Amino acid sequence: MVTVATPEAPVPLTALSRWYLYAIHGYFCEVMFTAAWEFVVNCNWKFPGVTSVWALFIYGTCILIVERMYLNLRGRCSVLLRCIIYTLWTYLWEFGTGLLLRQFNACPWDYSEFRYNFMGLITAEYAVPWFCASFIVERLVIRKTLRLRFHGGPEDGGSGCRADAGGEGAGGGGGASGGGGRRERGRGMGTNANGFLKAE
């Protein structure tokens with residue numbers, strides 16, 4: 001006889017898990033952006049992208065707060081207005097974190113060479129890039145991340161199917177039961193494996 005354990009329902013990612021994904025996304029995008037900038041300005045085919053470890057905390061926390069803004073504003077205003085709000089928040093966050101890091105001589109960016117900069121911490125020339133980034137973050141990053149689910153199945157990736165001790169006995173009946181149990185486990189591994197799942 002084969003007993004099948006009831007699978008646990010997939011659960012949403014925790015705030016810390018989402019923060020981690022947002023941090024990695026921001027870190028990667030900054031490396032790619034600075035590499036592209038170096039190529040456009042200096043035609044550098046080495047594409048050297050640069051960033052700082054501080055970017056993980058800055059982007060992870062900033063986007064997590066943008067996520068809360070999205071959840072509160074999505075039914076109240078248009079995507080255009082939301083992205084403007086996100087852009088203003090990004091400027092405020094960039095200025096605040098930059099000012100804090102500068103107290104310890106640790107701010108990794110300096111916009112002093114830009115014409116419309118303020119204290120070298122923010123610059124108006126980045127308004128359009130930040131707006132576009134806000135749009136991409138909402139439509140592709142935040143919305144997709146909120147749909148991710150973590151499956152709380154067995155840690156070894158098994159299906160949770162267990163055969164009764166009586167079904168493992170010698171003889172044809174026992175063999176058939178054992179084979180059925182193995183087939184059940186084989187089918188279960190494809191659907192109950194651990195990992196991130198996208199909720200439909």
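Going by the structure above, here's the rest.
Treat the numbers as computed from the prediction; the structure is a model and nothing was measured. (Residues numbered from 1 in each chain as written. Predicted model: local features only at pLDDT ≥ 70, side-chain atom pairs only at ≥ 80, totals over all residues. Heavy atoms only, no water.)

Novice: Please explain the overall build of the protein chain as it appears in this structure.
Specialist: Summing up its helical and strand segments, the protein chain has five helices and seven strands in all. Secondary structure of the protein chain in N-to-C order comes out as β-β-α-α-α-β-β-α-β-β-α-β. Relative to its full complement of 200 residues, the protein chain shows a buried share of 30%. Pairs at least 24 apart in sequence give 69% of the contacts found in the protein chain among residues at least 6 apart. (Helix = DSSP H or I, 4+ residues; strand = E, 2+ residues; numbered from the N terminus. Buried < 20%, exposed > 50% of the residue type's maximum accessible area, 1.4 Å probe, protein only. Contact = heavy atoms within 4.5 Å.)

Novice: How should I be thinking about the pattern of salt bridges in this particular structure?
Specialist: Pairing between side chains of opposite charge can happen when the charged atoms of each approach one another. The tally for this structure, following the rule as stated, stands at four salt bridges. For Glu67, the salt bridge is made with Arg68, and the minimal N-O distance between the two is 3.9 Å. For Arg68, a relative accessible area of 43% corresponds to the partly exposed category. The partner of Glu138 in a salt bridge is Arg82, and the shortest N-O contact between them spans 2.7 Å. You can see Glu138 sitting in helix 4 (residues 127-147) and its partner Arg82 sitting in helix 3 (residues 79-102), a full 56 residues away along the chain. Each member of the pair, Glu138 together with Arg82, is buried. Each of Arg18, Glu67 and Arg68 takes part in a single network of salt bridges with overlapping partners. (Salt bridge = Lys/Arg side-chain N within 4 Å of Asp/Glu carboxyl O.)

Novice: Honestly, helix 4 in this entry has me stumped. Any pointers?
Specialist: Given a rise of 1.5 Å per residue, 21 residues ought to cover 30 Å, and the 29 Å separating the end C-alpha atoms of helix 4 matches this to within 8%. At Val137, helix 4 shows its strongest bend, of approximately 40°. (Expected span 1.5 Å × (residues − 1). Bend = angle between axes of the 7 residues up to and from the residue.)

Novice: What exactly am I supposed to notice about the packing of helix 1 (residues 15-42) against helix 4 here?
Specialist: For any two helices packed against each other, one specifies the inter-axial angle together with the distance between the axes. Running from amino to carboxyl end, helix 1 crosses helix 4 at an angle of 150°, the nearest separation of the two axes being 10 Å. Classed by the angle they form, the pair helix 1 and helix 4 counts as roughly antiparallel. At the point where helix 1 passes helix 4, the crossing takes the right-handed sense. From helix 1, Arg18, Leu21, Tyr22 and His25 reach across to helix 4, where they touch Val137, Val141, Ile142, Thr145 and Leu146. (Axes fitted to C-alpha atoms, helices over the stretch in contact; angles between N-to-C directions. Parallel < 35°, antiparallel > 145°, perpendicular 65-115°, else oblique. Left-handed = near helix turned anticlockwise from the far one by under 90°.)

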